[in-house]
Amino acid sequence: MNKLDSKIPEGPLETKWTKFKSTVRLVNPANKRRIEVLVVGSGLAGASAAAALSELGYTVKCFCFQDSPRRAHSIAAQGGINAAKNYANDGDSVFRLFYDTVKGGDYRAREANVYRLAEISTAIIDQCVAQGVPFAREYGGLLDNRSFGGVQVSRTFYARGQTGQQLLLGAYSALSRQIDKGGVKMYNRHEMVEVVMIDGKARGIIARDLVTGELERHFGHAVVLATGGYGNVFYLSTNAMGSNTTAIWKAYKKGAYFGNPCFTQIHPTCIPVSGDYQSKLTLMSESLRNDGRVWVPKAKGDKRKAEEIPDEERDYYLERRYPAFGNLVPRDVASRAAKQVCDEGRGVGPSGLAVFLDFRDSIKRLGRAVIEERYGNLFEMYEKITGDDPYQTPMRIYPAVHYTMGGLWVDYNLMTTVPGLYALGECNFSDHGANRLGASALMQGLADGYFVIPYTIGDYLADEIRTGSTPTSHPAFEEAEKSVKERIDKLMSIKGKQTVEDLHKKLGKIMWEYCGMGRNAEGLTKALGMVRELKKEFWSDVRIPGGTMEFNTELDKAGRVADFIELGELMILDALNRKESCGGHFREESQTEDGEAKRDDANFSYVAAWEFKGEGQEPVLNKEDLKFDVVHPTQRSYK
Amino acid sequence: MIASLKMFYTTVGRKLVMALTGLFLCVFLLEHLYGNLQLYKLDGGVAFNEYGEFLVHNIVIRAVEYLLFGGILLHVLDALFLTLHNRKARPVRYAVSHQSGNSSWFSRNMGITGSIILVFLVIHLKTFFISHRFQGVDTSMAHDVAAAFQSNWYAALYLFSMVLLGAHLNHGFQSAFQTLGWNNHRWMKPLKIVGTLFALLMMIGFGSFPIMFYFDLFGVASNILGQ
Amino acid sequence: MAETINLKLKIWRQKNSKESGRFEIYDMPGVNTHMSFLEMLDVLNDRLVREGKEPVAFDHDCREGICGMCSMYINGRAHGMLKGTTTCQLHMRHFHDGETVTIEPWRASAFPVIRDLVVDRSGFEKIMQAGGYISVNTGNAPDANSLPIAKVKADEAFDAAACIGCGACVASCKNASAMLFLSAKVSQFALLPQGEPERRERVLRMVAAHDEAGFGSCTNTGACEAECPKGISISHIARLNREYLAASLVKE
């Protein structure tokens with residue numbers, strides 16, 4: 001039976017959310033106190049959800065694996081947050097933001113969800129300003145906007161190059177307020193390791209205290225996952241070291257479908273890899289492309305310094321290929337173009353896997369002071385990492401894994417296929433289709449947490465007011481804890497030869513090579529075998545030092561990498577299945593004559609929602625057909 | 001009143017006490033220096049002694065005297081309390097610590113400079129204040145000053161203490177304004193300069209007495225002692 | 001510049017908060033100078049795990065200098081000797097061949113050691129929970145542009161808000177005071193009109209929470225400002241003092 005009921009409200013697109021809000025079932029205030037909600041993750045989506053739910057009166061517990069909610073990786077987002085305020089008077093509107101997002105996502109997102117997102121976007125800005133988030137302002141005292149990769153209006157609000165930080169600190173402050181009031185109990189340095197199911201509904205989690213190693217049982221009438229993306233499946237990504245898939249992977253194994261797992265965003269402007277000790281990649285905000293020009297030498301293997309290459313020997317390939325958008329083409333397009341020139345042997349830097357991002361002309365045009373004002377902190381960061389001064393010599397950049405559009409399949413209410421289990425923010429699949437536009441991740445995280453879940457969760461919880469809380473001595477908790485303990489003991493008992501990092505790096509290499517920027521059937525098939533082999537290798541040869549009941553970071557990592565390996569397999573299966581190219585998913589078999597991605601709407605205009613069928617069994621593909629009532633899919637063109 | 005005193009219990013409140021008493025003592029130093037400068041009048045100590053008499057017989061000054069001792073006591077006790085409190089805040093010290101890389105020597109050694117100044121103050125009070133106020137010696141104050149500085153060790157101690165006083169004030173003066181919240185882009189730099197100038201003025205001003213009297217420069221000592 | 005250097009690492013090892021710790025010395029030959037400091041420790045840990053030993057535990061997450069998780073006292077300086085830099089952004093090209101590098105955890109009674117270089121910074125959480133927010137429930141905010149804020153004020157509020165909560169200010173303060181952290185939040189809200197309604201209550205509660213968490217008092221040495229990876233100015237502490245004074249005098 002297909003459980004994929006997206007529950008999209010009836011009626012015209014523009015009124016769906018309004019109608020939903022005014023007809024959704026409510027939980028009365030007295031009952032809310034007796035209803036417990038578990039929120040896993042404390043980034044933009046998690047912190048805002050925990051705060052908003054507690055403000056409504058629910059009893060909330062919130063979990064994060066870091067030492068404070070303020071560390072969540074939302075903090076690293078640099079560029080900005082979109083909102084259809086039209087403060088710039090340049091023709092923006094809710095519809096245009098909706099349209100840009102659907103188009104940017106290469107027509108693989110759900111219209112109704114995206115429209116809601118665009119509608120809510122304006123309230124987010126209001127909310128954040130009220131919280132004291134110091135957005136950039138103009139001299140008149142009003143908010144400043146800038147334009148951001150892939151769109152032609154200025155709708156991006158920003159706080160220097162640290163917008164994610166400021167928004168997260170805003171959500172964190174709202175969360176702190178609720179903790180102080182007693183509405184939220186915060187569990188720092190705790191990792192969710194299992195979902196507890198009772199009578200087919202999510203009723204709690206098993207969490208591991210990362211300091212003591214203790215396993216804890218927590219009951220909740222509903223469980224909200226807001227655990228971010230799984231880009232670290234590639235080992236190297238711009239994600240934080242701790243970002244992981246464990247929570248959503250456990251949910252998948254308990255029956256939550258996984259939507260479009262292969263949709264990965266490769267960000268075009270990251271600092272290139274410098275050696276095999278490299279632990280992570282650092283993003284340089286996309287906003288740099290507003291004033292920086294991307295180029296490589298026209299000749300192959302040109303090893304001269306950038307300054308020594310005259311203009312006529314430079315290939316400003318984005319401006320050449322995409323005259324309308326130039327350096328501002330969407331991320332997937334820019335990334336692929338960079339890969340192509342490097343594959344042609346025209347890459348720069350010691351590895352040949354980099355292109356130049358040059359500010360020479362804008363410094364000449366605007367003056368160094370203006371560039372410093374706009375990008376000072378990014379330039380500084382670049383210099384710290386590479387030792388080069390970007391005011392003097394062009395930056396070297398290369399694409400890197402940055403965001404995962406795929407995630408747990410959710411309906412309009414953000415509920416997964418497991419009743420009572422919700423997924424918010426990057427860990428769901430819902431709003432970005434096959435490619436996310438710049439400055440939209442922050443928007444989605446906060447929309448889900450502040451403005452969507454507080455309404456939609458009530459629809460489910462309205463039936464739960466008589467449920468009372470289940471004691472954690474319930475056999476389902478026993479069983480879940482036992483399975484977690486067995487798995488940990490098994491991991492510790494392997495005592496093999498390879499470190500967790502070794503195995504993670506191997507996985508990353510396979511995924512980047514065969515399931516990265518370019519994918520084809522042959523490579524994917526090969527990778528599938530390799531990942532399956534790697535899984536066996538992991539479970540027979542991993543070495544974890546230390547003990548179980550102590551602070552043991554190697555053990556934490558081992559559990560996460562074991563899940564990444566399994567997820568890697570699913571991503572490959574999904575990439576194999578989707579024989580079209582769309583957004584960040586580029587199947588080499590499906591391209592136009594001039595090398596652009598070619599969609600196949602006739603056969604693939606659906607969300608691939610994968611269903612777990614048991615260990616060792618092939619997952620089953622369920623399809624949610626995408627209907628476009630308002631926007632008519634066309635081949636994207638940025639020329 | 002009791003309720004509002006609560007504000008001084010917190011770490012911020014206590015350092016307000018340090019700042020307020022510190023600045024009050026700065027005012028006193030200025031006044032004290034003015035008085036001492038009378039010694040340079042080469043009038044056989046008359047002006048200085050008259051000034052001293054005025055202080056003793058003026059009712060307002062006598063009242064301020066209590067305030068002064070109260071201020072010193074508060075400044076010292078508060079410093080003691082804060083030092084102990086701050087020690088407790090870092091029970092395990094660093095094996096390697098390069099604080100010279102992030103802060104000035106003056107700012108880190110207020111406790112040491114302050115303690116030595118306190119020791120000096122006790123001796124200083126015993127030499128001049130207690131003997132005259134309570135023991136009723138019949139020599140003039142000017143005479144005692146001039147005589148005291150003929151002693152090697154006292155002149156040296158005095159000079160040394162004044163150097164430390166300068167060091168103490170160099171941080172203390174501007175620090176007090178920071179504590180009172182006067183630090184902003186416009187004021188902090190000027191205040192720091194004024195603080196250093198004030199510290200130098202006090203150090204050179206007070207420090208000049210042991211030197212001038214010990215070496216009898218310009219005949220300041222012999223003018224009073226009458227040799 | 002040499003591509004590789006040889007180092008000796010002197011690292012604080014402590015099994016948990018109860019047991020006492022000690023320094024251990026590790027030879028680190030052939031350190032690539034393009035590595036970050038944490039990547040250098042990754043290499044050490046990789047070796048330790050292979051040798052059957054326990055790796056050095058340290059906090060880290062984003063490795064982009066923004067999450068504030070990394071926290072090490074390197075050669076007597078918080079986050080090392082480089083100005084405006086977190087440990088994760090410190091690269092080995094700043095060290096010399098043959099150098100001994102001493103690595104210690106933050107030292108403060110309010111930051112007890114959890115393991116090796118990992119400390120418990122929940123004192124910061126307590127300060128934030130005492131008033132590091134503007135009490136506005138979700139959904140009832142006025143239009144964002146209905147409240148113009150002078151650019152200079154907004155910019156200065158941003159300067160304060162840039163705090164990453166790493167704890168370097170506490171670590172480098174000779175009194176283990178958290179005044180810079182505390183003042184950054186108080187100052188941010190004191191500069192913005194949104195912070196006005198709770199202004200007095202906020203500063204009093206946050207100062208009380210600071211003291212209760214066991215941090216020391218500020219003696220204006222300026223070490224925090226010098227070591228802050230985000231360059232937060234002690235003028236925010238002055239503003240905090242001002243706010244405190246005003247709040248105390250007006251209240252009751």
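Everything discussed here concerns the structure shown above.
Quick caveat: nothing in here was measured; it's all calculated off a predicted structure. Residue numbers restart at each chain and count upward from 1, following the sequence in its written direction. Throughout, the order in which chains and ligands are written sets their labels, letters from A for the former and numbers from 1 for the latter. For this predicted model, a pLDDT threshold of at least 70 governs which residues receive local features, and a threshold of 80 or more governs which side-chain atom pairs are given and counted, while totals over whole chains, interfaces and linings are taken from all residues. In computing side-chain properties, one takes all heavy atoms of the structure into account and sets aside hydrogens as well as water.

1. A word on the environment of Lys88(B)
Reasoning step 1: Here a strand is any run of E in DSSP of at least two residues, a helix any run of H or I of at least four, and the numbering for each starts at the N terminus. Here Lys88(B) lies in helix H4 (residues 59-89).
Reasoning step 2: In this structure the C-alpha to C-alpha distance between Lys88(B) and Asp138(B), which are 50 residues apart in sequence, comes to 50 Å.

2. A closer look at the sheet that holds strand E1 (residues 36-40) of chain A
Strand pairing in a sheet relies on backbone hydrogen bonds. The paired strands run either parallel or antiparallel.
Residues and elements named next belong to chain A.
Reasoning step 1: The strand order E6-E2-E1-E10-E18 describes an open sheet built from 5 strands, whose pairing is parallel. For this open sheet the edge positions go to strand E6 (184-187) and strand E18 (421-423), each flanked by a neighbour on one side alone. For this sheet, the mean inter-axis angle between neighbouring strands, taken without regard to orientation, is 20 degrees.
Reasoning step 2: For strand E2 (residues 59-63) and E6, the ladder comprises 4 bridges, and the chain directions are parallel. Strands are labelled as partners when DSSP assigns at least two bridges between them. Between N-to-C directions, angles cover 0 to 180 degrees, with each direction set by a line fitted to C-alpha atoms, over the stretch in contact for helices.

3. Brief notes about unusual backbone geometry
Reasoning step 1: With phi around 55 degrees, Leu42(B) is a residue other than glycine that occupies positive phi space.
Reasoning step 2: Tracing the sequence through the fold places Leu42(B) in the loop between helix H2 (11-36) and helix H3 (46-57).
Reasoning step 3: Despite not being glycine, Ala176(C) shows a phi value in the positive range, around 50 degrees.
Reasoning step 4: Along the chain, Ala176(C) turns up in the loop between helix H4 (168-172) and helix H5 (179-191).

4. Overview of the interface of chain B and chain C
Reasoning step 1: Facing the 38 residues of chain B at the interface are 48 residues of chain C.
Reasoning step 2: Summed over both partners, the accessible surface that disappears when two parts come together, traced with a 1.4 Å probe, is what is meant by buried area. When the buried surface of chain B facing chain C is broken down by residue, Arg90(B), Tyr94(B) and Asn102(B) rank first, second and third, together holding 18% of it.
Reasoning step 3: In the analysis that follows, any N or O atom pair within 3.5 Å is treated as a polar contact, provided that within protein one partner can donate a hydrogen and the other can accept it, and provided that, for residues neighboring in sequence, both atoms belong to side chains. One can count 26 residue pairs in polar contact (both at pLDDT 80 or more) joining chain B with chain C.
Reasoning step 4: Only helix H1 (2-5), H2, H4, helix H5 (105-108) and helix H8 (152-179) of chain B provide two or more residues apiece to the side of chain B that touches chain C.
Reasoning step 5: Looking at the side of chain B that touches chain C residue by residue, the class counts come to 12 nonpolar, 20 polar and 6 charged. Note on contacts: a residue pair qualifies if any of its non-hydrogen atoms lie within 4.5 Å across the two residues. When residues are sorted by character, Ala, Val, Leu, Ile, Met, Phe, Trp, Tyr, Cys and Pro go into the nonpolar class, Asp, Glu, Lys and Arg into the charged class, and all the rest, Gly among them, into the polar class.

5. Re the side chain of Lys151(C)
Reasoning step 1: Note that Lys151(C) resides in helix H3 (residues 151-161).
Reasoning step 2: By relative accessible area, Lys151(C) is classed as buried at 14%.
Reasoning step 3: Residues in contact with Lys151(C), not counting those within four places in the same chain, are Arg137(A), Glu138(A), Tyr139(A) and Glu373(A). Relative accessibility thresholds used throughout: buried, under 20% of the residue-type maximum; exposed, over 50%; partly exposed, between the two (1.4 Å probe, protein chains only).

6. Some thoughts on the nonpolar core
Reasoning step 1: Side-chain atoms within 4.5 Å link the members of a nonpolar core, which is a set of buried Ala, Val, Leu, Ile, Met, Phe, Trp, Tyr and Cys residues. Ranked by internal contacts, the top residues of the largest apolar core, which has 250 residues, are Ile81(A), Phe135(A), Leu225(A), Tyr422(A), Ile457(A) and Phe538(A).
Reasoning step 2: Broken down by element, the residue count for this core peaks at 13 residues, all from helix H16 (residues 553-577) of chain A.
Reasoning step 3: Not counting residues within four places of it along the chain, the set of residues in contact with Leu225(A) comprises Val40(A), Met192(A), Ala247(A), Ile248(A), Ala251(A), Leu408(A), Leu421(A), Tyr422(A), Ala423(A), Leu424(A) and Cys427(A).
Reasoning step 4: With 36 residues, the next largest nonpolar core counts Ala19(B), Ala155(B), Tyr158(B) and Ala176(B) among its residues.

7. Some details on the pairing of strand E15 (residues 355-358) of chain A
Residue and element names in this part refer to chain A.
Reasoning step 1: The alternating pattern of E15 places Val 355 and Leu 357 on one face and Phe 356 and Asp 358 on the opposite face, and all of these are buried.
Reasoning step 2: Judged from the 3 bridges that link them, strand E13 (residues 293-297) and E15 form a sheet pairing that is antiparallel. Residue pairing across strands places Arg 293 opposite Asp 358, the latter belonging to E15.
Reasoning step 3: Judged from the 3 bridges that link them, E15 and strand E16 (residues 395-404) form a sheet pairing that is antiparallel. Each bridged residue has a counterpart across the sheet, and for Val 355 the counterpart in E16 is Ile 397.

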